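So the chains spell out like this:
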Amino acid sequence: MALVFRQRSILPGFGISMGITLFYLALIVLIPLSAVFLKTASLSWHEFWSLATEPRALASYRLSFGASLVSALLNLVFGVLVAWVLVRYSFPGKRVLDSLVDLPFALPTSVAGISLTALYSRNGWLGRPLEAIGIEAAYSRLGIVIALTFVGLPFVVRTVQPVLEEMDREMEEAAASLGAGRRQIFTRVILPTILPAVLTGFAMALSRAVGEYGSVIFISGNMPMRTEITPLLIVTKLEQYNYAGAMAIAVVMLVTSFLMLLVINMLQRWCSKRSGG
Amino acid sequence: MKRTVSLGSRSVPMAVARTQLEPVLVRRLLIAVALLFLGLFILLPLGIVFASAFRLGAGAYLNAFLDPDTLSAIRLTLLTAAIAVPLNMIFGIAASWAIAKFQFLGKSLLITLIDLPFSVSPVVSGLVYVLVFGLQGLLGPWLADREIKIIFAMPGIVLATIFVTFPFVARELIPLMQSQGNDEEEAALTLGASGWQTFWRVTLPNMKWGLLYGVILCNARAMGEFGAVSVVSGHIRGLTNTMPLHIEILYNEYQYVAAFAVASLLALLALVTLAARSLVEWKSKQHLADVRLTHKEALEI
């Protein structure tokens, strides 16, 4: 097989493995995804725009992005803290806790949804004390933020952890011997080193939160205009056989996720350049 | 006299330790806040699943699994994973062989495209298949003429599951195989092994732990997928309900014990997945150490 774009190698199997890869990728991912754009092309630009920007859709974008942003920021702060504690300190139960950080990746979203709702509803372990001080956690926007924080929890921890582990402690020692205080060392030495990883984890958590469905719908109450996230609005429109409306909003979501994937790729390239250089 | 202070398992001279550690109070405070955060968002949600499932005792818990709809949901979930996981495994091995072992144009674009299903919302992933195979979809009329049902039936559930678990195996294998390089395979081929022999005897043993973890992760997600499957399933009880969907139905019918009983099985699966991850990480580190040792010995000889 003489493919022009490939460098010569003595290893066999390029043709068949690449063939399987491209065929399966096209069949499962690329063709179905392009079908959305193909179907949407049957709408005129005006129709598409009015469907994608109807008041209920706009309210859902505001809620989905707002709540995702808040939860990703929470995960940024606590993720760095958890990564720091797991790498630098030792305490009993640390290894178990370390592997449990990945729980939100492994736990099905509907399980997370009903367990968070049970925790934060009025009779729940946490809902009751919160209600006593006048905070309504379940069936509110706060509930959405809680669910999205759960879902995005592992990202910042897992991007920052390896960078902290590989960090050269000599830099900190040098800074200390030159008279820098602990706070100065953190802001001038540690923070700049982990910043690309922190931002990558933040962007991943944000991207995951914007599209999240299962863990949110149980706890959010799902009131149109108030606590209705964008993925739920798509499902509602589908159940009403409003395919055009569902499609228009789905295209908005797809374009945002492509943009975020682009940003995440750029951040990751920045990360590997940092650690390589 | 040199005083040392223990830092984890190592001993470090005092002067160095002081620059690396915060005051005890700050350290304890940071650990406490981290534990509080993880307790609130990880341990409590996990604990309440089992607490609610066993709230009315073991009898009520076991009773939940006598419901024929629950049993059929479990069967459908197992069947779906049994189809989706092997297909994604074959794809993952093929993709990682092509990407890690060869240099070609457009490689990073290909990797990005493989990652694509991760960044698409599960609901949109389901919708995509409705727009292809549904009655209003591109192929809808053609399929309806031939009475082939994909949406609101099992093929749709399997397709949506394959889509959302698509990247898992490939993503585990590509970095692993890239870090291992081509030397061993090239040596085997030069010594006269065939391509297949090289793959079975050299490549597969080297990647087995990564492959195992990728498959376990892919399986966990395949059995637990909710959003995408929910859009294509049609929620027909006893027919197109998977375990995660059945949990939603039971919960909405206020059958809390039954809902959490089914949820506890999936939570257990998640815990097994995490344990397997720790084990595989430990094993692959050992494997790497072994390989380094043999290389060193070979060099010394």
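Scroll up to find the structure this text is about.
Residues numbered from 1 in each chain as written. Chains lettered and ligands numbered in written order. Predicted model: local features only at pLDDT ≥ 70, side-chain atom pairs only at ≥ 80, totals over all residues. Heavy atoms only, no water.

Draft legend 1. Here's a closer look at the overall build of chain A. Tallying secondary structure elements over chain A gives 13 helices and 0 strands in all. Starting at the N terminus, the α and β elements of chain A follow one another as α-α-α-α-α-α-α-α-α-α-α-α-α. Taking the principal axes of the C-alpha coordinates as reference, chain A spans close to 75 × 65 × 35 Å. The burial tally for chain A puts 55% of its 277 residues in the buried class. Restricting the contact set of chain A to residue pairs at least 6 apart, pairs at least 24 apart contribute 73%. (Helix = DSSP H or I, 4+ residues; strand = E, 2+ residues; numbered from the N terminus. Buried < 20%, exposed > 50% of the residue type's maximum accessible area, 1.4 Å probe, protein only. Contact = heavy atoms within 4.5 Å.)

Draft legend 2. Highlighting the interface of chain B and chain A. With 88 residues of chain B at the interface, the matching set in chain A holds 86 residues. Between chain B and chain A, a total of about 8200 Å² is buried, with carbon and sulfur atoms accounting for 80% of that surface. The largest share of the area that chain B buries against chain A comes from Phe 37, Phe 41 and Phe 102 of chain B, three residues that together contribute 8% of it. Between chain B and chain A we count 1 salt bridge in total. Asp 102 of chain A is the partner of Arg 277 of chain B in a salt bridge, and the nearest nitrogen-oxygen pair spans 3.0 Å. Summed over the shared surface of chain B and chain A, the result is 10 residue pairs in polar contact (both at pLDDT 80 or more). (Buried area = accessible area lost by both parts, 1.4 Å probe. Salt bridge = Lys/Arg side-chain N within 4 Å of Asp/Glu carboxyl O. Polar contact = N/O pair within 3.5 Å; in protein donor to acceptor, adjacent residues only side chain to side chain.)

Draft legend 3. Representation of the nonpolar core. Among the nonpolar cores identified, the biggest contains 176 residues, and Ile 28, Tyr 120, Val 160, Leu 164 and Ile 234 of chain A together with Ile 114 of chain B are the most heavily contacted of them. Each residue touching Ile 234 of chain A, except ones within four places of it in the same chain, is listed here: Ala 246, Ile 249, Ala 250 and Met 253 of chain A together with Val 123, Val 124 and Leu 127 of chain B. Residues Phe 202, Ala 203, Met 260 and Ile 264 of chain A belong to the second largest nonpolar core, which totals 10 residues. (Core = buried A, V, L, I, M, F, W, Y, C linked by side-chain atoms within 4.5 Å.)

Draft legend 4. Quick look at the pattern of salt bridges. Counting across every chain of the model gives 15 salt bridges over all chains. A salt bridge links Lys 237 of chain A to Glu 54 of chain A; the shortest N-O distance between them is 2.8 Å. One end of the pair, Lys 237 of chain A, is in helix 12 (residues 230–239); the other, Glu 54 of chain A, is in the loop between helix 2 (45–52) and helix 3 (55–88), with 183 residues separating them in the sequence. Among the residues examined, Lys 237 of chain A registers a relative accessible area of 7% and is labelled buried. Residue Glu 54 of chain A is classed as partly exposed on the basis of its relative accessible area of 22%. One network of salt bridges, with partners in common, ties together Asp 98, Asp 102 and Arg 158 of chain A together with Arg 277 and Glu 281 of chain B.

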